[in-house]
Amino acid sequence: MKKCSKVIHSRIVSPCNGSGKCRVSRVKFMARVVFKHAFHLNLKGNLWDCVAAMKAAVLIQRWYRRYIARLEMRRRYTWNIFQSIEYAGEQDQLQLSSFFSFMLDNFTQLNGNGPDLISQLLDPLVDPWLDRETCYNQIHVPESYTGPRLSFPLSVSDTSALLSAFKEQQTLHARYALQLLYETKKLLKQMPNIIHLSTSYIKDITICGDLHGRLDDLLLIFYKNGLPSADTPYVFNGDFVDRGKKSMEVVILLFAYLLLYPDSMHLNRGNHEDHIMNLRYGFTKEVMQKYKTHGHEMLKLFQDIFSLLPVATVIDGKILIVHGGISDQTDLDFLSSIERHKVKSALRFPRHSVGQLDIGQSCRQAKRTRSTDASRPSSSRSQSKNQGTPSLRNRRCGLSRKDSAASNSSSSSSSSSSSLCSPRTPSCLSPRPCPSSPGMPYTINVLQVPFLDSLSSVPAPSPAQHEREWKQIVDILWSDPKTQEGCSPNTFRGGGCYFGPDVTQRLLLRHGLQLLIRSHECKQEGYELCHGGQVITIFSASNYYEEGSNRGAYVKLGRELVPRFYQYQVSRSTRKLTLTQRVRAAEGSALRALKEKLFAHRCELMAGFLQCDQNNTGSVSVSEWAQVLESVLRLDLPWRTLRPHLTRLAPDGSVDYPSCFEDMGPGNPLPQVAPNLAETLFRYRTDIEIIFNIIDKDHSGLISAEEFRHTWRLFSAHLGVDINDRAIDDLARSIDFNKDGSIDFTEFLEAFRVVHKLDSKDQHLSGKMDGEKC
């Protein structure tokens, strides 16, 4: 029997077959067989053979549990990588928006000429053509158009035609799309800020979370749960657009059913229903690509429609549904009375011009230097670690003014209502706090504002009524729950706040509620409960980060108000993969993104490594390597666990840190017109693209040399990168490949794309590790 147990063990731990498919179910089956064999041996009185069989079964169980634990560890750090990089991108967007806001508010007074491009972005002018209610009637629909021809008011046949057309990859004609948007805008104008629903006359209400342009997820929800109707009401909780490739189709379908069933279809606003967010995350580009002629008109209508979406829904006076969350300053009564349409973008800071400030005597000469502070605050997973550094945390909230006082401890219940933080504050506006001690909270009450060629100290203005309204919207759209008590600025995302169980409890008691349903965060299972079951997060976009990375879910509420969860996963290929293969695919994608992050911060990382490597040996200890990565990137990741995937060890067991970057290189090398310019472009590639999209009004992808200079002036002002006009002209000539005086910006950005030289290396390593573990 001992020989038998060895044979069983050797069969279990042998590597997987050539296809790499680990048959975990076979392990479970063999364990059951061995247990059953031991039971029969025991009945026959063969005690020693029974003991040997039991040992073999325990060995199999132990191996299986270790295997699952290792797989779960890989799944968790993969998830952490995706989430940390996603939130870092949101911080970058908020930083760029704060820069635009400051330029728009103060550039005219300081320099005598206003930034027209930024003004058009943040405060767009209304086109008189759009004011005419029947402007869409002037658009000709050719006979060759085979898509749906809508008639208003919409009927069931119209929505069915839309569904069929979108399934067949057809695009709705601009004439009908514009009319649908106009009708939606008229309907939303009549709606209150907070929608109140009742389950008295219906069986169930279905609540869906973020869709992010995933049409397949929306169609699957309709297939499983039924199309919207009077008997099947829905609440879609924001973030319909961005990231996915079918945002236009998703939002058209949602608006069509809203027009068809206004009492049964309900849409809350999310933080991505925002025209500035749409510039970074794809919706603006998608609209312009699908509707080249009338895209601008549609985008302006979307700005109005998004600002008119209700911000909350209440079911039976007991269930509150908001996109992001709450803060200790959230007041539903006040929220229901504000003019929500005035907040076109939650990223648009309330206007504070220099003329409102008391400019004092200049304190010192302003000198633009390149910004090297790329560090990011830690996530909610390390709240306790951040509590000890309030000065650092507040320094990264440059435009939050009076209400950006940090919470001193997790148990604090004092007011700490958040605003949008600006981790990379523009060099022309930076607070100079003077805390009494490192452990004490403080309030920023002095700003350093540029005046002519110097910086002047001015007192920050007190928040006005419109700022209070704006902060209420920001908290509703951007906040996240945390396990610690209290309310503190959401430094990881850069906007909103972290709210603890005590904040949730107080708001529910104050308004007679029993449950908060929110979205805003991707969850591996599609939903998650926290705060003792009083907060539910629901997320409906499956495969959000990578194929197989997460499930989608929706929740249904009946008259008893007991939530019932339904999960799904849209994928044609994921179902054929084993669990190990799904984890490996997501892990590979996450590691690629993380390596690009390392490459973009190469100079800072090398400087940190060289500080630890005084003898210039090319190696540092594992502990020093991890500390340098965290101090520069601020991603709060398990660097020691990730080390085998990112770098190799020297013969003495130390880390060969140059190997962190050997697998990556630039797409097309360009002349170095300024020190470290290439790395700066790698890091802020998306910011440059956003600025370019503002300048490229016709979205042709081509800009003149003068427009190219304008892009660089904005970019250098944003980051403090000092590049003179001659260097910019040299760079423009080098990328004007056909010498026609225009620059193809797509080719320019392609030059600053990270190329992974050894993609097969990680795949081979993962396959080898999986084989050894199986």
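One can find the structure itself at the top, above this paragraph.
Here goes a summary of the coordinates provided. These numbers come from a predicted model, not from an experiment.

Comments concerning the side chain of Asp210
Inspection of the secondary structure assignment puts Asp210 in the loop between β2 (205-208) and α8 (215-225). With no salt bridge to any partner, buried Asp210 finds its closest opposite charge in Arg493, at an N-O distance of 7.2 Å. Reaching out from Asp210, the side chain makes a polar contact with the backbone nitrogen of His520 at a distance of 3.2 Å. Sequence-distant contacts of Asp210, that is, excluding residues within four places in its chain, are made with Gly238, Asp239, His323, Ser519, His520, Ile538, Phe539, Ser540 and Ala541.

Some details on the environment of Gln569
Structurally, Gln569 is set in the loop between β18 (564-568) and α18 (579-600). Given a relative accessible area of 21%, Gln569 falls into the partly exposed group. In sequence terms Gln569 and Asp217 are 352 residues apart; their C-alpha atoms lie 7.9 Å from each other. Reaching out from Gln569, the side chain makes a polar contact with the side chain of Asn543 at a distance of 3.1 Å.

Some words on the sheet that holds strand β13 (residues 497-499)
Read across the open sheet, the three strands follow the order β11-β13-β12; overall the sheet is mixed. Both outer strands of the open sheet, β11 (480-481) and β12 (487-489), are each paired with one neighbouring strand and no more. By the bridge criterion, three bridges tie β12 to β13 in an arrangement that is antiparallel. Residue Ser488 lies in a different strand from β13, and its bridge partner there is Tyr498.

Describing the nonpolar core
Counting 77 residues, the largest nonpolar core has Leu172, Ile207, Phe236, Met298 and Phe302 as its most contacted members. Considering every element that reaches this core, the biggest residue donor is helix α9 (residues 247-260), with eleven residues. If we ignore the near neighbours within four places in the chain, the residues touching Phe236 are Cys208, Leu211, Leu218, Phe222, Leu254, Met265, His266, Leu267 and Asn268. Grouped together as the second largest cluster of nonpolar side chains are 34 residues, Leu94, Leu477, Trp478 and Val503 included.

Side note on the sheet that holds strand β19 (residues 619-620)
Strand order in the open sheet made by the three strands is β19-β21-β20, with antiparallel pairing throughout. Of all strands in the sheet, those bounded by a partner on one side alone are β19 and β20 (648-649). Bridge count between β20 and strand β21 (residues 655-656): two bridges; the pairing is antiparallel. Counterpart to Leu649 in the pairing with β21 is Val655.

Regarding the environment of Ser631
Along the chain, Ser631 falls in helix α20 (residues 622-633). Using a relative accessible area of 39% as the deciding quantity, one classes Ser631 as partly exposed. The spatial distance from the C-alpha of Ser631 to the C-alpha of Leu605 is 9.1 Å, given a sequence separation of 26 residues.

Rules behind the numbers
- Residues numbered from 1 in each chain as written.
- Predicted model: local features only at pLDDT ≥ 70, side-chain atom pairs only at ≥ 80, totals over all residues.
- Heavy atoms only, no water.
- Helix = DSSP H or I, 4+ residues; strand = E, 2+ residues; numbered from the N terminus.
- Buried < 20%, exposed > 50% of the residue type's maximum accessible area, 1.4 Å probe, protein only.
- Lys, Arg positive; Asp, Glu negative; His and termini not counted.
- Salt bridge = Lys/Arg side-chain N within 4 Å of Asp/Glu carboxyl O.
- Polar contact = N/O pair within 3.5 Å; in protein donor to acceptor, adjacent residues only side chain to side chain.
- Contact = heavy atoms within 4.5 Å.
- Pairing = 2+ DSSP bridges.
- Core = buried A, V, L, I, M, F, W, Y, C linked by side-chain atoms within 4.5 Å.

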